[in-house]
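# Report on the structure
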Amino acid sequence: MSFPVANRVLSRCLAALLTAGLACAVHAQVTVDGAWARATVPNQSATGAFMRLTAQKDVVLTGASSPVAGIVEVHEMRLDQGIMRMRAADRLALKAGQTIELKSRGLHIMMMGLKKQIKAGERVPLTLSFKAADGTLSTVETNATAGFAPPER
Ligand SMILES: [Cu+2]
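Keep in mind that what you see is a predicted model, and the values were worked out from it rather than measured.

The rules behind these values
- Residues numbered from 1 in each chain as written.
- Predicted model: local features only at pLDDT ≥ 70, side-chain atom pairs only at ≥ 80, totals over all residues.
- Heavy atoms only, no water.
- Helix = DSSP H or I, 4+ residues; strand = E, 2+ residues; numbered from the N terminus.
- Buried < 20%, exposed > 50% of the residue type's maximum accessible area, 1.4 Å probe, protein only.
- pLDDT = per-residue confidence, 0-100.
- Contact = heavy atoms within 4.5 Å.
- Core = buried A, V, L, I, M, F, W, Y, C linked by side-chain atoms within 4.5 Å.
- Donors = N, O, S within 2.8 Å, 3.2 Å for Na, K, Ca; no water.
- Tetrahedral: all angles 85-135°; square planar, octahedral: opposite > 155°, others 65-115°.

## Here we look at unusual backbone geometry
Here N43, not a glycine, exhibits a phi torsion of approximately 70 degrees, which is positive. Among the secondary structure elements, N43 is positioned in the loop between β1 (30–38) and β2 (46–55). For N43, a relative accessible area of 81% translates into the label exposed.

## Here we look at the confidence of the model for the chain
Residues of the chain with pLDDT of at least 70 account for 81%, and the chain-wide mean is 85. Considering each helix and strand of the chain separately, the mean pLDDT is smallest for helix α1 (residues 7–20), with a value of 49, and largest for strand β8 (residues 108–114), with 97. pLDDT under 50 marks residues 1–7. Its contacts with residues more than four places away, or in other chains, come to nine contacts. Here residues 16–26 is modelled with pLDDT under 50, and outside its nearest four sequence neighbours on either side it reaches 10 contacts, counting other chains as well.

## Digging into the nonpolar core
Grouped burial of nonpolar side chains is what soluble globular proteins tend to show. Of all hydrophobic cores here, the largest spans 31 residues; its most connected members are M51, I109 and M111. With five residues, the top contributor of residues to this core is strand β9 (residues 123–132). Non-local contacts of M111, meaning those with residues more than four positions away in its chain, are made with A37, S45, A46, T47, A49, S66, A69, I71, V72, I118, V124 and L126.

## Description of the coordination of the copper ion
For a metal bound by four donors in a tetrahedral arrangement, the ideal donor-metal-donor angle is 109.5 degrees, while six donors in an octahedral arrangement ideally sit at 90 or 180 degrees. At the metal site, the copper ion is ligated by H75 (ND1), M86 (SD), H108 (NE2) and M110 (SD), and these contacts range over 2.1 to 2.3 Å. In this structure, the copper ion is surrounded by four donor atoms whose angles at the metal cover 97 to 118 degrees, and the resulting shape is tetrahedral. When the donor residues of the copper ion are listed from N- to C-terminus, their spacing reads H-x10-M-x21-H-x1-M. Here H75 is found in strand β4 (residues 69–80), whereas its partner M110 is found in strand β8, with 35 residues between them in sequence.

Structure, rendered in C-alpha cells:
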C-alpha cells in the first residue's frame with residue numbers, strides 16, 4: 001500500500017496507528033498536486049487557491065479551511081448571460097482515479113476574510129475535508145505555494 005499524500009498526513013496516520021490501532025488508509029484517499037495560491041496586495045481580502053486533486057475512491061470535497069482566512073469555500077465559475085460569475089459549490093464530487101483540476105477561471109478554493117497579506121513564495125496551509133460514499137470523513141492537509149501565476153509543471 002502506498003501513501004501518496006503529504007508527509008504530515010502520513011505521520012499523523014502513523015501516530016493514529018500507534019496510539020489507537022486505527023486503520024489509516026482512509027486518510028490517504030486524495031492526492032493533492034501542484035497546489036498554489038494567488039499572492040495578494042496589501043489589504044486585499046480574498047484570493048484563490050488552485051491544485052489538482054486525484055481521489056483513490058469516490059469522495060466528495062465537502063469543505064476547506066486555512067489559518068490565514070476566515071472563510072474558505074469551493075467556488076465554481078459559471079457563464080451567466082455573458083458574464084462570468086462565481087458561486088459556492090457545496091459538493092464537489094471526485095471519481096476514483098480521475099484528476100480534477102482547480103484552476104484560474106474554473107473551479108477554485110476561495111479564501112475570504114484574509115488575516116494577512118499573502119506574499120509570493122509563502123506557503124499557505126490548507127485543510128481539505130472529504131466524505132466517502134460510506135460516510136467516512138477524512139482530511140488532507142496541503143501547503144499551497146503563493147505566487148502570481150501557476151508554478152511551472
Ligand atoms: Cu471564488
